[in-house]
Protein chains: 2
Amino acid sequence: MTVSDLKQIINGKYKMTRQREIVFNSMNNKPHLHFTVEDILDIVHEAHPEIGVATIYRTLQIFIQVGIVQRLDLLNRRAYYEISEQKHHHMICLSCGAIVEVTDEATEEVLNMVKRKKQVLNDFRVVDCQIYFYGYCKNCQAIR
Amino acid sequence: MTVSDLKQIINGKYKMTRQREIVFNSMNNKPHLHFTVEDILDIVHEAHPEIGVATIYRTLQIFIQVGIVQRLDLLNRRAYYEISEQKHHHMICLSCGAIVEVTDEATEEVLNMVKRKKQVLNDFRVVDCQIYFYGYCKNCQAIR
DNA sequence: GTGCGTGCAAAGTCTTTGCAAACCG
DNA sequence: CGGTTTGCAAAGACTTTGCACGCAC
């Protein structure tokens, strides 16, 4: 996703500001995919120390609202944010907390499985599905 | 699950106290299955107003550690707790926040699906899987 | 120019911690 | 009786909010 994609998505609803572009780039340019607010702040502050936390939070809310960012709530009090390009799920290491992405191939099948349970479908209209896998990453397996 | 089950599970590792039994009962006796700490405190305070929040938090941590309670982190800053009798997943209403249980019939299949992806398995040893469905409950569908 | 967006600091919400007293085994 | 556990209040971590100023459109 590029900055001009961002502008297109945001505009109309919100103004495109310097800060929003900076936050977007901080998340978009890094291979490290899941960011806490602190992570983002650190990256942003390297070049732009004047930007405040509140701006990060407010920007993330907007990005979530327009659908370019997804928020993860893991077994942890702090939220993680990621740019949501394509559907995927997450594996969380119970030992070190590492988060690994799993590309989506399960959702469709799971959703169908749920739909087969007629009464669930009648009561609840499902629009999305998130799967979290818990286990141990390669590194932590080696240590044990 | 009964109080004597609880005693068996807890003893050895921890003492069985009046407060722990009260917290357990508050969660076990109610049809309302997902509790915030505030929910639990309200129920507990009906008969035992002297019990403090810290006790609830510490008790829940122990219950989680021994495996009788599961913590849910939803799209929301506050944690939910539930007595985990049998494996199940959750549907969350994006409109009103209602949480509905979905009995498990998906996990096995999902885990197998993941295991088929050899490289994932090699890197990560999966021990559990939680599925969250997001959508709209019957009530909120009607309102719209 | 107007109103949305920002930075700062203060306030808010949920959770954890320190400590003396109380309690379980 | 000795080490856990509790209740209280204070501290901590993360997030939100109020307000005056600044900037995008």
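Calculation rules
Residues numbered from 1 in each chain as written. Chains lettered and ligands numbered in written order. Predicted model: local features only at pLDDT ≥ 70, side-chain atom pairs only at ≥ 80, totals over all residues. Heavy atoms only, no water. UniProt positions renumbered as here; feature names shortened; annotations may be inferred. Near = heavy atom within 4 Å. Polar contact = N/O pair within 3.5 Å; in protein donor to acceptor, adjacent residues only side chain to side chain. Helix = DSSP H or I, 4+ residues; strand = E, 2+ residues; numbered from the N terminus. Domains from an automatic or database assignment. Contact = heavy atoms within 4.5 Å. Buried area = accessible area lost by both parts, 1.4 Å probe. Salt bridge = Lys/Arg side-chain N within 4 Å of Asp/Glu carboxyl O. Nonpolar A, V, L, I, M, F, W, Y, C, P; charged D, E, K, R; others polar.

An unreviewed UniProt entry lists chain A under the name Fur family transcriptional regulator, ferric uptake regulator, with Propionispira arboris given as the organism. What UniProt states about chain A under its Sequence similarities (unreviewed entry) heading is, verbatim, "Belongs to the Fur family."

Colleague: Quick question: what am I supposed to make of the protein's contact with DNA strand D here?
Modeller: The full set close to DNA strand D counts 22 residues, and Tyr57(A), Arg78(A), Lys15(B), Gln19(B) and Thr55(B) are the nearest of them. What you see for DNA strand D is that sugar and phosphate hold 71% of its atoms within 4 Å of the protein. Arg58(A) is positioned with one of its side-chain polar atoms (N or O) 3.4 Å from a base oxygen of DNA strand D. At 3.5 Å from a phosphate oxygen of DNA strand D is found a side-chain nitrogen or oxygen belonging to Gln61(A). Secondary-structure elements contributing two or more residues to the surface near DNA strand D are helix H4 (53–66) of chain A together with helix H2 (18–28) and helix H4 (53–66) of chain B. Among the elements that take part in the surface near DNA strand D, H4(A) stands out by supplying four residues, more than any other.

Colleague: Help me out: how do you make sense of the protein's contact with DNA strand C in this one?
Modeller: Neighbouring DNA strand C are 22 residues, the closest being Thr17(A), Gln19(A), Thr55(A), Tyr57(B) and Arg78(B). At 2.9 Å from a base nitrogen of DNA strand C is found a side-chain nitrogen or oxygen belonging to Arg58(A). Here a phosphate oxygen of DNA strand C sits 2.2 Å away from a polar atom, N or O, in the side chain of Arg78(B). Put simply, the parts of the chain that give the surface near DNA strand C at least two residues each are helix H2 (18–28) and H4 of chain A together with H4 of chain B. Looking at the surface near DNA strand C, the element that brings in the most residues is H4(B), giving four residues.

Colleague: When you look at the domain arrangement of chain A in this model, what are you seeing that I'm missing?
Modeller: How large an interface is tends to be reported as the accessible area lost when its parts come together. Residues and elements named next belong to chain A. Domain boundaries assigned for chain A yield domain 1 (3–83) and domain 2 (89–143). Taken residue by residue, the interface counts nine residues in domain 1 and seven residues in domain 2. Here domain 1 packs against domain 2, burying approximately 680 Å² in sum over the two surfaces, 65% of which is carbon and sulfur. Our count for the domain 1 to domain 2 interface comes out at zero salt bridges. At the junction of domain 1 with domain 2, the criterion picks out three residue pairs in polar contact (both at pLDDT 80 or more). Among the elements of the structure, strand E1 (69–72) and strand E2 (80–83) are those that each provide at least two residues to the side of domain 1 that touches domain 2. Residues of the side of domain 1 that touches domain 2, tallied by class, amount to five nonpolar, two polar and two charged.

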